[in-house]
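If you want the building blocks of each chain, they are given just below.
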Amino acid sequence: MTRHELRERTGFHEPPLVLFTALATAGAGVGAAHLCLAFLGWVPWVPSAGLMTLIGVLLAVGLLFSVGHLGRPLRSPLALFRVGRSSLSNEVLVLGATLASSLVAVLLPAGHPLVAPLSVTVLATSLLTLLALGLVYRLPGQLTWAGPVLIHPLVLGIAFGLTVLLGDLPTGTRARGELLILVILLVDGLLVWERTRRIGGALRRGLPAQPSIMGQRGAAFTFRILLGILLPAAALLWGRWELAGLCLFLNLFLDRFLFYGFVVRDYTEAEVMRVEAALRARAGPPVESFDSTPTSIRANER
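Counting starts from 1 at the beginning of each chain's written sequence and moves along it residue by residue. This being a predicted model, a pLDDT of at least 70 is required before a residue's local features are given, and a value of 80 or more before pairs of side-chain atoms are given or counted; all residues contribute to the totals for chains, interfaces and linings. Only hydrogens and water are set aside when side-chain values are computed; all heavy atoms of the structure are taken into account.

S.K.: Any chance you could break down the overall build of the protein chain for me, citing the residues and the numbers?
M.R.: The helix and strand labels rest on DSSP assignments: H or I over at least four residues marks a helix, E over at least two residues marks a strand, and numbering proceeds from the N terminus. Along the protein chain, the regular secondary structure elements total 12 helices and two strands. Along the protein chain, from the amino end to the carboxyl end, the secondary structure elements read α-α-α-α-α-α-α-β-α-α-α-β-α-α. Within the protein chain, the proportion of its 302 residues that are buried is 43%. By definition in these notes, contact holds between two residues if any of their heavy atoms fall within 4.5 Å. Considering only contacts within the protein chain whose residues lie at least 6 apart along the sequence, 77% involve residues at least 24 apart. For the protein chain, the accessible surface area stands at approximately 15,500 Å², while carbon and sulfur atoms represent 69% of it. Residue exposure (1.4 Å probe, protein chains only): buried if accessible area is under 20% of the type maximum, exposed if over 50%, otherwise partly exposed. The Shrake-Rupley method, run with a 1.4 Å probe sphere, supplies the accessible areas, and residue values consider only the shown protein chains as cover.

S.K.: I'd love a proper account of the nonpolar core, names of residues and values included.
M.R.: Nonpolar cores were defined as sets of buried Ala, Val, Leu, Ile, Met, Phe, Trp, Tyr and Cys residues, with membership established by side-chain atoms within 4.5 Å. In terms of nonpolar packing, the biggest core is built from 45 residues, with Leu37, Leu130, Ile158 and Leu162 touching the most fellow members. For this core, the secondary-structure elements that each account for two or more residues are helix H2 (15–40), helix H3 (49–66), helix H4 (87–107), helix H5 (115–135), helix H6 (152–165), helix H7 (171–202), helix H9 (217–238) and helix H10 (241–261). If one sorts the elements of this core by residue count, H2 sits on top with 11 residues. Residues contacting leucine 162, with those up to four places away along its chain left out, are Ala33, Leu37, Leu180, Ile181 and Ile184. Formed by 14 residues, the second largest nonpolar core is a distinct cluster that contains Ala202, Ala220, Phe221 and Leu227.

S.K.: Can you explain a nonpolar patch on the surface? Please cite residues and give values.
M.R.: Without a salt bridge and with relative accessible area above 30%, a residue can belong to a patch; like charges are then joined within 9 Å and nonpolar side chains (Val, Leu, Ile, Met, Phe, Trp, Tyr) within 5 Å. Each reported salt bridge corresponds to a side-chain nitrogen of Lys or Arg within 4 Å of a carboxyl oxygen of Asp or Glu. A cluster of nonpolar residues, Phe39, Leu40, Trp45, Val46 and Val120, forms a patch on the protein surface that exposes about 490 Å² of accessible area. With respect to the element layout, valine 46 can be found in the loop between H2 and H3.

S.K.: An account of the pattern of salt bridges is requested, with residue identities and associated values reported.
M.R.: The final tally for this structure, using the stated rule, is six salt bridges. Between arginine 197 and glutamate 194 there is a salt bridge, and its shortest N-O distance comes to 3.0 Å. Here the residue arginine 197 and the residue glutamate 194 both occupy positions in helix H7, the gap between them amounting to three residues, near one helical turn. Judged by its relative accessible area of 10%, glutamate 194 is buried. Note that arginine 195 is salt-bridged to aspartate 255, the shortest N-O span being 2.9 Å.

S.K.: Can you tell me about the packing of H4 against H5, naming the residues and giving the values?
M.R.: Viewed as axis vectors pointing N to C, H4 and H5 meet at an angle of 150°, and their least axial separation amounts to 8 Å. By the angle between their directions, the pair H4 and H5 is classed as roughly antiparallel. Helix-helix and strand crossings are classified by hand; for H4 and H5 the assignment is left-handed. Two secondary-structure elements touch here, H4 through Ser87, Glu91, Val94, Leu95, Ala97, Thr98, Ser101, Ser102, Val104 and Ala105 and H5 through Val115, Leu118, Ser119, Thr121, Val122, Thr125, Ser126, Leu128, Thr129, Ala132, Leu133 and Leu135. Of the residues assigned to the contact of H4 with H5, the class counts are 12 nonpolar, nine polar and one charged. Helix axes are fitted only over the stretch in contact, all axes being lines through C-alpha atoms; the angle between N-to-C directions runs from 0 to 180 degrees. Roughly parallel refers to an angle under 35 degrees, roughly antiparallel to one over 145, roughly perpendicular to one between 65 and 115, and oblique to any angle outside these ranges. For a crossing to be left-handed, the near helix must be turned anticlockwise from the far one by less than a right angle; the clockwise case is right-handed. Under the convention adopted here, Pro, Cys and the residues Ala, Val, Leu, Ile, Met, Phe, Trp and Tyr are nonpolar, Asp, Glu, Lys and Arg are charged, and Gly plus all remaining residues are polar.

S.K.: Quick rundown of the packing of aromatic side chains? Include the residues and the values.
M.R.: Each aromatic pair joins two rings of Phe, Tyr and Trp (for Trp, the six-membered one) with centres within 6.5 Å, and gets the label stacked for planes under 30 degrees apart, edge-to-face for over 60, and tilted for any other angle. Following the criterion strictly, the structure yields nine aromatic pairs and no others. The interplanar angle of 70° and the centroid separation of 5.1 Å between the aromatic rings of tyrosine 137 and phenylalanine 259 together place this pair among those described as edge-to-face. Of this pair, tyrosine 137 sits in the loop between H5 and H6 while phenylalanine 259 is found in helix H10, placing the two residues 122 residues apart along the sequence. By the burial criterion, tyrosine 137 is buried, and phenylalanine 259 matches it.

S.K.: I'd like to hear about H6, residue by residue, with values.
M.R.: For a helix, the expected span equals 1.5 Å multiplied by the number of residues minus one. A rise of 1.5 Å per residue sets the reference length of H6, with its 14 residues, at 20 Å; its end C-alpha atoms lie 20 Å apart and thus fit the reference within 8%. For H6, the tally of buried residues reaches 13 of 14 residues, placing the bulk of the element in the interior.

S.K.: Could you give an account of the confidence of the model for the protein chain, with specific residues and numbers?
M.R.: With 78% of its residues at a pLDDT of at least 70, the protein chain reaches an overall mean of 84. pLDDT gives the predictor's per-residue confidence on a scale running from 0 to 100. Long-range and interchain partners of residues 1–9, a stretch whose pLDDT sits below 50, account for 18 contacts in this model, where long-range means more than four residues apart. Below a pLDDT of 50 lies the segment residues 287–302, which in the model reaches 15 contacts outside its immediate sequence neighbourhood of four places, other chains included.

S.K.: Explain the environment of isoleucine 225 to me, using residue names and the numbers behind them.
M.R.: Within the fold, isoleucine 225 resides in helix H9. In this structure the C-alpha to C-alpha distance between isoleucine 225 and asparagine 251, which are 26 residues apart in sequence, comes to 9.2 Å. Apart from the residues lying within four places of it in its own chain, the contact partners of isoleucine 225 are Val192 and Leu230.

S.K.: Talk me through the packing of H7 against H9; I want residue IDs and the actual numbers.
M.R.: The interhelical angle for the contact between H7 and H9, taken along N-to-C directions, is 170°, at an axis separation of 10 Å. In terms of axis orientation, H7 runs roughly antiparallel to H9. Side by side, H7 and H9 meet where Glu178, Ile181, Leu182, Leu185, Asp188, Gly189, Val192, Arg195, Thr196 and Ile199 of the first sit next to Arg217, Phe221, Arg224, Ile225, Gly228, Ile229, Pro232, Ala233, Leu236 and Leu237 of the second. Of the residues that constitute the contact of H7 with H9, the class distribution is 12 nonpolar, three polar and five charged.

What follows is the structure, given as structure tokens:
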């Protein structure tokens, strides 16, 4: 991609993916958080019908938004034929299993023998969905979609899910639940720091897909830390877990927007520009009788 083509790419075309991944992270996060609390013995293994409904609704609405990003949505089920070989197919499988299991469990009458196994299936596949939402972005050439950033949906989803479940915890364990959320927020802060460091390094190796958004990364990450870490932590310490949950829910959308907006790709031209700069620096100042125009610019002029 040439610099002229890069300047023309000013539109942000990922809003459907922002909405899908944020809502899917929220829904799966509730299920994964319940799984963690059930493992600790703080809540029963079988969630309430209301909680199962919340998981199903968030996932279903997220999938509806994702259709806006598909060129041929009717062919999306074909992705299942590559399960085990494609990260995208794995994501479709576990997310679809979570949604189907939650909806069936809600529709079954109370006390039905299938409710318990379906509920446990929802909890397990919710955790797998959070992992799949990150691993699907392991793509060559995407310099900022690598490393710990791929587990961010897992961290953010469980943090949000725990705030949703705080009201259901017994009084004696609620304080421990709040402490667990604060620890996860600390982990989130470390991941945000690592992401800013990685973006800085990536910009020396590649070119941003959205230069206008990249130019605002300082203010954007400041707001990200405020909305996703400081405000929820203060709300929890203040005893307002509902406010903390709202902040973390909104932060899911902000984080996914930054994830797609701060893409840095290892374009071939970026490597050419670096080589040319190194050659010019080694050769010293250009001689006026020679054409010192970089080859990439000459190619664009043709």
